[in-house]
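Summary of structural features
These are the residues of each chain, in order.
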Amino acid sequence: MTYALIVLGLCACERDTYTTWNCSTPAEAKIPMVLKKAQMEFKGARSDYCGSLGTQSYFAPKCSAQTEQSPIIFTPSSGLLINDGQEYQCTAL
């Protein structure tokens, strides 16, 4: 019984956690965005999680020491995604 619980616990630890979002602009609809562990996948590019300040999370292909200068800013509570100055409205699936 104990052995079975240990194996089950180890299997649960290897699960990937991710959230899928659909993002859009007035010109584009249903652009998938995935947050998986500490990475964002959006428009074929992967960016690393650089940190959060308040309600905003910052992502970049390569994080710098100045988190707030990251090219990607995501606010999960409102679904607002800013990618290199372009605004997208995202909804969780």
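No experiment lies behind these values; they were computed from the predicted model shown.

Note: strand β1 (residues 18–24) against strand β8 (residues 86–92), 4 bridges, orientation antiparallel. Residue pairing in the sheet places Cys 23 in a bridge with Cys 90 of β8. In this sheet, β8 lies alongside strand β7 (residues 80–83) in antiparallel orientation, the contact comprising 4 bridges. Pairing of Asn 83 across the sheet is with Gln 86, part of β8. A loop of 2 residues connects β7 with β8, the two strands running antiparallel in sequence, and Asp 84 in this loop sits at a positive phi of about 50°.

Applying the stated criterion to the full structure yields 3 aromatic pairs. Ring plane angle 85° and centroid distance 5.0 Å describe the contact between Trp 21 and Phe 74, whose orientation is recorded as edge-to-face. You can see Trp 21 sitting in strand β1 and its partner Phe 74 sitting in strand β6 (residues 72–75), a full 53 residues away along the chain. For the residue pair Trp 21 and Phe 74, the accessibility class agrees, reading buried in each case.

Next up on the list: unusual backbone geometry. The backbone of Lys 30 sits at a positive phi, close to 50°, despite the residue not being glycine. In this fold, Lys 30 is placed in the loop between β1 and β2 (31–36). Of note, the phi angle at Asp 84 is positive, near 50°, even though the residue is not glycine. By the element assignment, Asp 84 lies in the loop between β7 and β8. According to the relative accessible area criterion, Asp 84 is exposed, its value standing at 64%.

As a further point, take the sheet that holds β6. Sheet strands pair by backbone hydrogen bonding; their relative direction is either parallel or antiparallel. Around the barrel, which closes on itself, the 8 strands sit in the order β1-β2-β3-β4-β5-β6-β7-β8 with antiparallel pairing between neighbours. Strand-to-strand twist in this sheet, taken as the mean axis angle between neighbours without regard to direction, amounts to 30°.

Calculation rules
- Residues numbered from 1 in each chain as written.
- Predicted model: local features only at pLDDT ≥ 70, side-chain atom pairs only at ≥ 80, totals over all residues.
- Heavy atoms only, no water.
- Pairing = 2+ DSSP bridges.
- Helix = DSSP H or I, 4+ residues; strand = E, 2+ residues; numbered from the N terminus.
- Phe/Tyr/Trp six-rings, centres within 6.5 Å; stacked < 30°, edge-to-face > 60°.
- Buried < 20%, exposed > 50% of the residue type's maximum accessible area, 1.4 Å probe, protein only.
- Axes fitted to C-alpha atoms, helices over the stretch in contact; angles between N-to-C directions.

The values are spatial; any link to function lies outside them.
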